[in-house]
Amino acid sequence: MSDMFAPIAGLAPTTPDSIVFLCDCGPIIRDLLDLDALTTEVAALPGVASVERHVTLCSAEGKAFLAAKLAENPDLLPVVAACTPREHAQDFAEACETAGRNPFTMSRANIREQVAWVTPDRAEATAKALDMIAAAAARVGEQRPLEAPELETETSVLVVGS
C-alpha cells in the first residue's frame, strides 16, 4: 500500500468498520490481479472488519449474497471493489435496499476498468487495486445516509427549440 493511505501516526482510525466485497468478475479481475494476496492485504487495512469475495457480484446470486451479508452485518459499512459504477451501481444499490440499508452509505472502488484493464503488470495492478480499496474504505465512513427526493413535475410542458 502506498504511504498516501497510511494512517497518521498517533491517530486512531475514526471511520466505522467496513465490510469489503471483492468481486472476481468471472475471470476478468481474477486473472489480472492477485486476489488472494489482495484479500489478505485488504483485511489488514484500518477499519476493515471483513472481506467477502464472490465470483460475480452483479449476478442474481451475487446480489443475493451481497444483500444477505449486509443484513447479517448491519453495523458494517459496505465497500464494493468491482467494475465501474456505470454498469452495476443500481444493482448494488438495490441489494443495499433489500438488506434494509441506505445505498448512499456504500463506497465503490472500480478495480476492473481503472486497474485490471489498464495495468499490464499483475503485481503493480494488485498494489494499485489495494490503494483504491483503501481509499474507498476510508471514504465510506465519511458518507452519510441520503434520501432520493421525489419531485413533482409538470408533464404538460412543450419545449420548442433549444
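Now for a description of the structure that goes with this document. (Residues numbered from 1 in each chain as written. Predicted model: local features only at pLDDT ≥ 70, side-chain atom pairs only at ≥ 80, totals over all residues. Heavy atoms only, no water.)

1. So, the packing of aromatic side chains
Think of a pair of aromatic rings as described by two things: how far the centres are apart, and how the planes are tilted against each other in angle.
Now for step 1: Enumeration over the complete set of coordinates arrives at one aromatic pair.
Now for step 2: Considering the side-chain rings of Phe21 and Phe65, the 6.4 Å spacing of their centres and the 85° angle between planes classify their relative orientation as edge-to-face. Of this pair, Phe21 sits in strand S1 (residues 18-23) while Phe65 sits in helix H3 (residues 60-72), and the two are 44 residues apart along the sequence.
Now for step 3: On the basis of relative accessible area, Phe21 is assigned to the buried category, the value being 0%. (Phe/Tyr/Trp six-rings, centres within 6.5 Å; stacked < 30°, edge-to-face > 60°. Helix = DSSP H or I, 4+ residues; strand = E, 2+ residues; numbered from the N terminus. Buried < 20%, exposed > 50% of the residue type's maximum accessible area, 1.4 Å probe, protein only.)

2. Details of the sheet that holds strand S4 (residues 107-110)
Now for step 1: Taking strand neighbours across the sheet as the criterion, the four strands line up as S2-S1-S3-S4 in an open arrangement whose pairing is parallel. Where the open sheet ends on each side, the last strands, each with one partner, are strand S2 (48-54) and S4. Taken over all neighbouring pairs, the strand axes of this sheet differ in orientation by 20° on average, direction set aside.
Now for step 2: Two strands pair when backbone bridges link them, and S1 and strand S3 (residues 77-82) are joined in this way by five bridges, in the parallel orientation. Bridge pairing in S3 places Val20 opposite Val79. (Pairing = 2+ DSSP bridges. Axes fitted to C-alpha atoms, helices over the stretch in contact; angles between N-to-C directions.)

3. Some thoughts on the pattern of salt bridges
Now for step 1: Following the criterion strictly, the structure yields eight salt bridges and no others.
Now for step 2: A salt bridge links Arg30 to Asp31, with the nearest nitrogen and oxygen atoms 3.9 Å apart.
Now for step 3: Arg30 sits in the partly exposed class, given a relative accessible area of 33%.
Now for step 4: One salt bridge in this structure joins Lys63 and Asp91, with 3.7 Å as the shortest N-O distance. In this pair, Lys63 sits in helix H3 while Asp91 sits in helix H4 (residues 85-98), placing the two residues 28 residues apart along the sequence.
Now for step 5: Owing to a relative accessible area of 26%, Lys63 belongs among the partly exposed residues under this scheme.
Now for step 6: Where salt bridges share partners, they join Asp24, Asp36 and Arg53 into one cluster. (Salt bridge = Lys/Arg side-chain N within 4 Å of Asp/Glu carboxyl O.)

4. Considering helix H2 (residues 35-43)
Structural remark: α-helix, 3.6 residues per turn; residues separated by three or four positions point the same way.
Now for step 1: Of the positions making up H2, those classed as buried are Leu35, Leu38, Thr39 and Val42. Projection of H2 onto a plane perpendicular to its axis shows the buried side chains occupying an angular sector of 105°, all on one side. Opposite the buried face of H2, at more than 90 degrees from it, the exposed residues are Asp36 and Thr40.
Now for step 2: Considering only its buried residues, H2 is in contact with S1, helix H1 (27-32), S2 and helix H6 (122-140). (Arc of directions from axis to C-beta. Contact = heavy atoms within 4.5 Å.)

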